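Report on the structure
Next come the chains, spelled out residue by residue.
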Amino acid sequence: MTQSAQQQPMLTGIKVLDFTQYLAGPTATRLMAELGAEVIKVEQAKGGDPSRALPFLKDGRSLYFIQQNRGKKSFCVDFSKPEGVELVRALIPQVDVVIENYGPGVMDKRGLDYNSLKQINPRLIMCSVSAFGRKSPLSHLTGYDYIAQAFSGVMHMTGDPDGPPRFVGVAIADGIAGVNAFASLGYALFHRDRTGQGQHIDIAMVDALYHMQSVEVQMFAASKGAYKPMRFGIHHYMGCPQGVFKGPKGWIVILALDRQWPNVARALGKPELIDDPRFSSAGRRGKNQKELIPMIEAWMQTFPDDAAVLKALADNRVPAGPVMSIEDTVSHP
């Protein structure tokens with residue numbers, strides 16, 4: 001066995017007191033547990049984390065809860081009783097991290113806020129995860145994933161241009177906020193090792209999503225508002241092929257930039273398109289995509305199945321992939 005194979009998980013010896021529920025916070029602590037941290041989940045009596053009741057249930061246990069909380073320890077405490085709060089406070093000197101995603105004021109009114117806890121453990125790192133952050137003008141509001149998608153502009157950019165805005169069909173705000181919290185805690189632990197200082201990290205789901213904007217924010221700002229970002233459906237308006245195409249059986253994504261355009265033309269068996277004035281730049285291909293998209297889809301229909309299309313694209317080094325169902329992803333090698 002090599003030395004690297006014998007190494008301990010990176011967070012071995014780190015203790016986390018986890019007050020989180022549902023998804024965003026539990027994502028952060030699940031990732032920490034997977035790296036070897038000892039995560040102690042504190043649940044409120046009665047009932048504990050509400051996600052224990054979410055479908056699907058198997059043998060009376062929520063698979064949702066299990067997925068997000070595997071590898072953690074847990075105990076239930078009644079916060080309405082002083083002895084319950086004192087039980088929690090007694091653990092603070094022994095832990096490195098406290099993380100919570102309760103509604104506004106829940107931790108403060110029980111004396112479990114950062115300013116109170118750092119008096120017990122000055123090296124403590126605390127992380128709060130919420131929709132709008134703990135110190136923003138909207139910190140008093142309760143929010144969930146779809147609300148963060150709406151507020152961040154992500155929902156505005158999703159869907160067809162002549163249709164309503166649409167939410168992404170997975171909990172993208174919760175997930176990315178959890179990953180942001182996970183990363184921030186790692187750097188906070190690194191900072192503490194160098195300086196001895198703990199700190200309070202404030203993670204907002206809206207912020208986490210806003211960082212995922214690509215060109216929309218800077219183009220709006222640089223144009224002084226002349227450019228107004230708008231959703232564009234399944235094909236990007238700034239270039240082509242950059243979108244979702246109908247294959248022989250299912251759907252195939254191609255995202256080819258200027259350097260890959262000659263490869264696309266050769267894959268289609270139409271090398272003359274490389275220098276065709278309609279398609280000689282990304283901008284021109286974007287403007288003329290109503291001509292180019294049918295060419296590509298007609299070419300795809302000449303193959304017996306999607307796998308053959310994808311092989312032809314791969315052979316010509318065209319970036320492409322199938323649109324996979326959840327069932328497909330679970331069974332894919």
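For the structure, see preceding data.
How each quantity is defined
- Residues numbered from 1 in each chain as written.
- Predicted model: local features only at pLDDT ≥ 70, side-chain atom pairs only at ≥ 80, totals over all residues.
- Heavy atoms only, no water.
- Helix = DSSP H or I, 4+ residues; strand = E, 2+ residues; numbered from the N terminus.
- Buried < 20%, exposed > 50% of the residue type's maximum accessible area, 1.4 Å probe, protein only.
- Contact = heavy atoms within 4.5 Å.
- Areas by Shrake-Rupley, 256 points an atom, 1.4 Å probe, with all protein chains shown as cover.
- Lys, Arg positive; Asp, Glu negative; His and termini not counted.
- Charge placed at Lys NZ, Arg CZ, Asp CG, Glu CD.
- Axes fitted to C-alpha atoms, helices over the stretch in contact; angles between N-to-C directions.
- Parallel < 35°, antiparallel > 145°, perpendicular 65-115°, else oblique.
- Nonpolar A, V, L, I, M, F, W, Y, C, P; charged D, E, K, R; others polar.
- Polar contact = N/O pair within 3.5 Å; in protein donor to acceptor, adjacent residues only side chain to side chain.
- Phe/Tyr/Trp six-rings, centres within 6.5 Å; stacked < 30°, edge-to-face > 60°.
- Lys NZ or Arg CZ within 6 Å of the ring centre and 35° of its normal.

Check the secondary structure of the protein and you find 14 helices and 11 strands. Each of the three principal axes of the protein carries a C-alpha extent, and together these read 75 × 55 × 45 Å. For the protein, the residues scored as buried account for 41% of the 333 residues in total. Pairs at least 24 residues apart make up 67% of the contacts formed inside the protein by residues separated by at least 6 positions. Total accessible area on the protein stands at roughly 18400 Å², and carbon and sulfur atoms take up 57% of it. Of the side-chain charges in the protein, 36 are positive and 32 negative, and the distance between the mean point of each set is 2 Å.

Interhelical geometry of helix H6 (residues 145-152) versus helix H7 (residues 172-195) gives an angle of 85° and a closest axis separation of 7 Å. Judged on the interaxial angle alone, H7 and H6 are roughly perpendicular. Note on element contacts: H7 touches H6 through Ile172, Ala173 and Asp174, opposite Asp145, Ala148 and Gln149. By residue class, the composition of the contact of H6 with H7 is three nonpolar, one polar and two charged.

With that settled, consider unusual backbone geometry. Of the consecutive residues Pro55 and Phe56, the connecting peptide bond is found in the cis state with omega at 0°. Assignment of secondary structure puts Phe56 in the loop between strand S2 (38-44) and strand S3 (57-58). Across the junction of Cys240 and Pro241, the peptide omega takes the value 0°, indicating a cis bond. Tracing the sequence through the fold places Pro241 in the loop between helix H9 (216-222) and strand S9 (242-246). The phi angle at Tyr22 is positive, at roughly 60°, despite the residue not being glycine. Along the polypeptide, Tyr22 turns up in the loop between strand S1 (15-19) and helix H2 (24-34).

Following the sequence through the fold, Asn121 ends up in the loop between helix H5 (114-120) and strand S7 (125-130). Here the side chain of Asn121 touches Val95 through a polar contact of 3.0 Å, landing on its backbone oxygen. Once you skip the residues sitting within four places of it in the chain, Asn121 turns out to touch Ile92, Pro93 and Val95.

Two aromatic rings, taken as a pair, are described by how far apart their centres are and by the angle between their planes. Tallying each qualifying case throughout the model produces six aromatic pairs. Pairing Trp299 with Phe303 gives two aromatic rings, centres 4.9 Å apart and planes at 75°, and the pair type is edge-to-face. Accessibility expressed as a relative area gives 11% for Trp299, which makes it buried. Assessed through its relative accessible area of 21%, Phe303 is described here as partly exposed. Note that Lys246 overlies the ring of Trp251, its terminal NZ or CZ placed 5.5 Å from the centroid.

A word on the environment of Ala265. Relative to the helices and strands, Ala265 resides in helix H10 (residues 261-267). For the pair Ala265 and Ala45, spaced 220 residues apart in sequence, the C-alpha separation works out to 63 Å. The contact partners of Ala265, leaving out residues within four places of it in the chain, are Lys270, Pro271, Leu273 and Ile274.

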